Amino acid sequence: MSLRHPLPWREPWPLVQALAAALGTAGLVWLDGDGSPQGRCSRLGLAPLEQRVCRGLPGQAGAEDPFAALAALAASGGHWMGWLGYEAGAWVEPAPHWHHSDMALLWAARHDPVLVLDHRTREQWLEGEDPARLAAFAALLDGLSNHIPADPPPVAIAAKAWHWHTRPEGFAEQVEQILSWIAAGDLFQANLTACCEHQLEGPADPLALYGRLRRTCAAPFGGLAIAGAAAAGEAVLSASPERFLRVDQAGLVETRPIKGTRPRHPSPEADADAAADLVCSPKDRAENVMIVDLLRNDLGRTCRPGSIQVPQLVGLESYRQVHHLTSVVQGQLRDGLTAIDLLRACWPGGSITGAPKIRACQRLHSLEPIARGPYCGSLFRLGSDGSFDSSILIRSLLLRGARLRAHAGCGIVADSDPAGEAEELSWKLQPLLEALA
């Protein structure tokens, strides 16, 4: 049975800094909300009791099905948080169209207790199952200093220091290739991505890097996961605005696909014009509706017939850096099925693949030179009560040793403009790179 211990409110960044200094960052997971309706609560786990790592594709030595591993974790109980990589799709659709990632396909950690922060009510509390650990953690918090640390230092990575695996002109050429496949009836839509990376001079501090990111790119489904044990040296830093799948204790399922993006402007008039242009764009609306149809079909594999609803279709949502078009699809999980059954049935997410999904994955593999890894995968939490929540890892940075990667992508449909998509890719990445400049 889960226990709850209320605590006085402390600001998240100083609190996390103090806890990390006391307990270390190995195994830290911070699912970091921004205080918006979708990002109302944050959850923080440190000093995990156990960790689980899966690597490799089907047929490779030592490879293990990450969905089977997640099902075992769910059955074992406890509160688990971590990431699942995009290439886990190889365990759903075994085929040659998956790159091998050098980062963990699944990394998850069990924390007890977990610190929960409600940004709206400014309440925080500990949730856990072990009374002794709960009391010890509460005592640790009582003894922490209230000193507010300085802002994290800049990393100072110049724009020219990033190495591009696909340069903007090459990205435009890839868009033209996708348009030819769409014209031939091979695809309806594909979410093409590109990647740049930088080799840092030495080992990085993921928490300091994330501090820079959250300061300028706060998002409702942001977060940080710093692996320990068999995946030490790997970390995911995210400023994602997109929920993938949520399942509550009663089996209610929700997904919130994003398709359609415009940058924000300091001028109120220009900003309103950008939002209006997005809402009225036939291209962006069509892109969004196509993914809603795909996700309705995906949810239908594990939800009760007739339960799937779309309470929000192509709604405008505005964040600090961008405007988005977001839809909401809901359903009721069938009796006897779990959140992990749902996750496998929907993986990878429709908004970051395309339609038809399998064909889109095949075509994207032929164009993208390296694995996406955790990018376009999920940060997730699996509650001890069977609840589940997860993001789509867009607007995210991947750290492995001293190598730092940034990815971004664009949804390509029949009336996409190659030069315009390359420009959109640039300003999607710009906030991430500027946060580290």
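Everything discussed here concerns the structure shown above.
Residues numbered from 1 in each chain as written. Predicted model: local features only at pLDDT ≥ 70, side-chain atom pairs only at ≥ 80, totals over all residues. Heavy atoms only, no water.

Chemist: Lay out the overall build of the chain with the relevant residues and their values.
Modeler: Each helix and strand in the chain was counted, giving 10 helices and 22 strands. For the chain, the C-alpha radius of gyration of 21 Å lies close to 22 Å, the compact-globule estimate for 437 residues. With respect to the three principal axes, the spread of C-alpha positions in the chain is 65 × 50 × 50 Å. By residue count, 58% of the 437 residues in the chain fall in the buried class. Put simply, 74% of the contacts in the chain that link residues at least 6 apart link residues at least 24 apart. As presented, the chain carries roughly 16,900 Å² of accessible surface, and 53% of it is formed by carbon and sulfur atoms. Charged side chains in the chain number 39 positive and 48 negative. The centres of these two groups are separated by 2 Å. (Helix = DSSP H or I, 4+ residues; strand = E, 2+ residues; numbered from the N terminus. Rg over C-alpha atoms; globule rule 2.2 N^0.38 Å. Buried < 20%, exposed > 50% of the residue type's maximum accessible area, 1.4 Å probe, protein only. Contact = heavy atoms within 4.5 Å. Areas by Shrake-Rupley, 256 points an atom, 1.4 Å probe, with all protein chains shown as cover. Lys, Arg positive; Asp, Glu negative; His and termini not counted. Charge placed at Lys NZ, Arg CZ, Asp CG, Glu CD.)

Chemist: Can you explain the side chain of Ser 416? Please cite residues and give values.
Modeler: Within the secondary structure, Ser 416 is located in the loop between strand 22 (403-412) and helix 10 (418-435). Engagement of the side chain of Ser 416 in a polar contact is seen with the backbone nitrogen of Val 413, the distance being 2.9 Å. Within the local environment of Ser 416, its side chain forms a polar contact with the side chain of Glu 421, the two groups lying 3.1 Å apart. Those residues within four positions of Ser 416 in sequence are excluded, and the remaining contacts are Leu 179, Lys 283, Gly 411 and Glu 421. (Polar contact = N/O pair within 3.5 Å; in protein donor to acceptor, adjacent residues only side chain to side chain.)

Chemist: Account for helix 7 (residues 282-300), naming residues and giving values.
Modeler: Since the α-helix packs 3.6 residues into each turn, any two residues three or four apart lie on the same face. Here helix 7 is 19 residues long and its end C-alpha atoms lie 27 Å apart, about the 27 Å a rise of 1.5 Å per residue gives. The set of residues buried in helix 7 consists of Lys 283, Asp 284, Glu 287, Asn 288, Ile 291, Val 292, Leu 294, Leu 295, Asp 298 and Leu 299. (Expected span 1.5 Å × (residues − 1).)

Chemist: Please provide a residue-by-residue account of the pattern of salt bridges, values included.
Modeler: Counted under the stated rule, the structure contains 31 salt bridges. For the salt bridge of Arg 262 with Asp 284, the shortest nitrogen-to-oxygen distance reads 2.9 Å. One end of the pair, Arg 262, is in strand 15 (residues 258-263); the other, Asp 284, is in helix 7, with 22 residues separating them in the sequence. For the pair Arg 262 and Asp 284, a shared accessibility class is recorded, and that class is buried. Put simply, Asp 293 and Arg 296 hold a salt bridge, and the shortest N to O gap is 3.8 Å. Note that Asp 293 and Arg 296 are positioned in helix 7 at a spacing of 3 residues, about one turn of the helix. (Salt bridge = Lys/Arg side-chain N within 4 Å of Asp/Glu carboxyl O.)

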